[in-house]
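Tertiary structure, described
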Amino acid sequence: VALPVYGVVAFIDFNWNKKFSTSIGYSRIEITNSDGQDSLAFKVGNYAVANLMYYPAANVMAGVELQWGNRENYLNNAFKSDIFKVQFSFKYNFSKLFTW
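Since the model is a prediction, treat every value here as computed from it, not as a measurement.

1. Topic: the overall build of the protein chain
For the protein chain, the count of helices and strands is zero helices and five strands. The secondary structure elements of the protein chain, listed N-terminal to C-terminal, are β-β-β-β-β. Across its three principal axes, the protein chain shows a C-alpha extent of roughly 65 × 40 × 20 Å. Every one of the 100 residues in the protein chain was classed for burial, and the buried ones make up 21%.

In C-alpha cells, the structure reads:
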C-alpha cells in the first residue's frame, strides 16, 4: 500500500557582493505510517543548511557551511537522532583545451 507523503523544500541564494554569497535552506519529509509498519520505520526527516562562500579570485571559491538534520521513526521513542555538522569547502575551476 502506498503511504501518503508530505514534503517541502525552500532555499534562497543571496549575493552580498562580487566576493561573498550565502545560501540558506530547509527541507522536511513526513510519512503517514500505517499500523502494520515496524516501530523503526522512517516517519519524519528535517534538514537545514546555511553557508557563507568567498570568491577571492577568478575560478576560486572557499566557504563554510553549517548543516543540521534530524530523523524520527514511526513510534515516538523507537529512534530519534539529531546531527550538527560544519563543513569547509574549497574549489578551483580549471580547464585545458587540447587542439590538433
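2. Details of the pairing of strand β1 (residues 5-15)
Counting buried residues in β1 gives zero out of 11 residues, a small share hidden from the surface. Across 11 bridges, the pairing between β1 and strand β2 (residues 20-31) is antiparallel. Along β2, the bridge assignment pairs valine 9 with serine 27. The turn linking β1 back onto β2 is made up of four residues.

3. Overview of the environment of serine 89
The topology assignment puts serine 89 in strand β5 (residues 80-92). In contact with serine 89, not counting residues within four places along its chain, are Met61, Ala62 and Gly63. For serine 89, the side chain forms a polar contact with the side chain of glutamine 87, separated by 3.4 Å.

4. A word on a nonpolar patch on the surface
Side chains of Phe14, Trp16, Phe20, Leu52, Tyr54, Val64, Leu66, Val86 and Phe88 sit close together on the surface and give an oily, nonpolar patch of about 890 Å² of accessible area. When contributions to the nonpolar patch are tallied by element, the ones reaching two or more residues are β3 (42-54), β4 (60-73) and β5. Positionally, leucine 52 belongs in strand β3.

5. Some thoughts on the sheet that holds β2
Taken in spatial order, the five strands make up an open sheet running β1-β2-β3-β4-β5, and their pairing is antiparallel. Edge strands, defined here as strands with exactly one partner in the open sheet, are β1 and β5. Between one strand axis and the next, the sheet turns through 10° on average, direction left out of account. The pairing of β2 with β3 spans 11 bridges and is classified as antiparallel. Bridge pairing links serine 23 to asparagine 51 in β3.

6. So, the environment of tyrosine 6
Tracing the chain through its elements places tyrosine 6 in strand β1. Placed 24 residues apart in sequence, tyrosine 6 and glutamate 30 show a C-alpha to C-alpha distance of 5.2 Å.

7. Observations regarding the packing of aromatic side chains
Counted according to the given criterion, the structure contains three aromatic pairs. Relative to phenylalanine 94, the ring of tyrosine 92 has its centre 6.1 Å away and its plane inclined at 15°; by these criteria the two rings are stacked. By relative accessible area, tyrosine 92 is classed as partly exposed at 48%. Classification of phenylalanine 94 as exposed rests on a relative accessible area of 67%. Sitting over the face of the ring of phenylalanine 98, lysine 96 holds its NZ or CZ atom 5.9 Å from the ring centroid.

Conventions adopted
Residues numbered from 1 in each chain as written. Predicted model: local features only at pLDDT ≥ 70, side-chain atom pairs only at ≥ 80, totals over all residues. Heavy atoms only, no water. Helix = DSSP H or I, 4+ residues; strand = E, 2+ residues; numbered from the N terminus. Buried < 20%, exposed > 50% of the residue type's maximum accessible area, 1.4 Å probe, protein only. Pairing = 2+ DSSP bridges. Contact = heavy atoms within 4.5 Å. Polar contact = N/O pair within 3.5 Å; in protein donor to acceptor, adjacent residues only side chain to side chain. Patch = residues over 30% accessible without salt bridge, like charges linked within 9 Å, V, L, I, M, F, W, Y side chains within 5 Å. Areas by Shrake-Rupley, 256 points an atom, 1.4 Å probe, with all protein chains shown as cover. Salt bridge = Lys/Arg side-chain N within 4 Å of Asp/Glu carboxyl O. Axes fitted to C-alpha atoms, helices over the stretch in contact; angles between N-to-C directions. Phe/Tyr/Trp six-rings, centres within 6.5 Å; stacked < 30°, edge-to-face > 60°. Lys NZ or Arg CZ within 6 Å of the ring centre and 35° of its normal.

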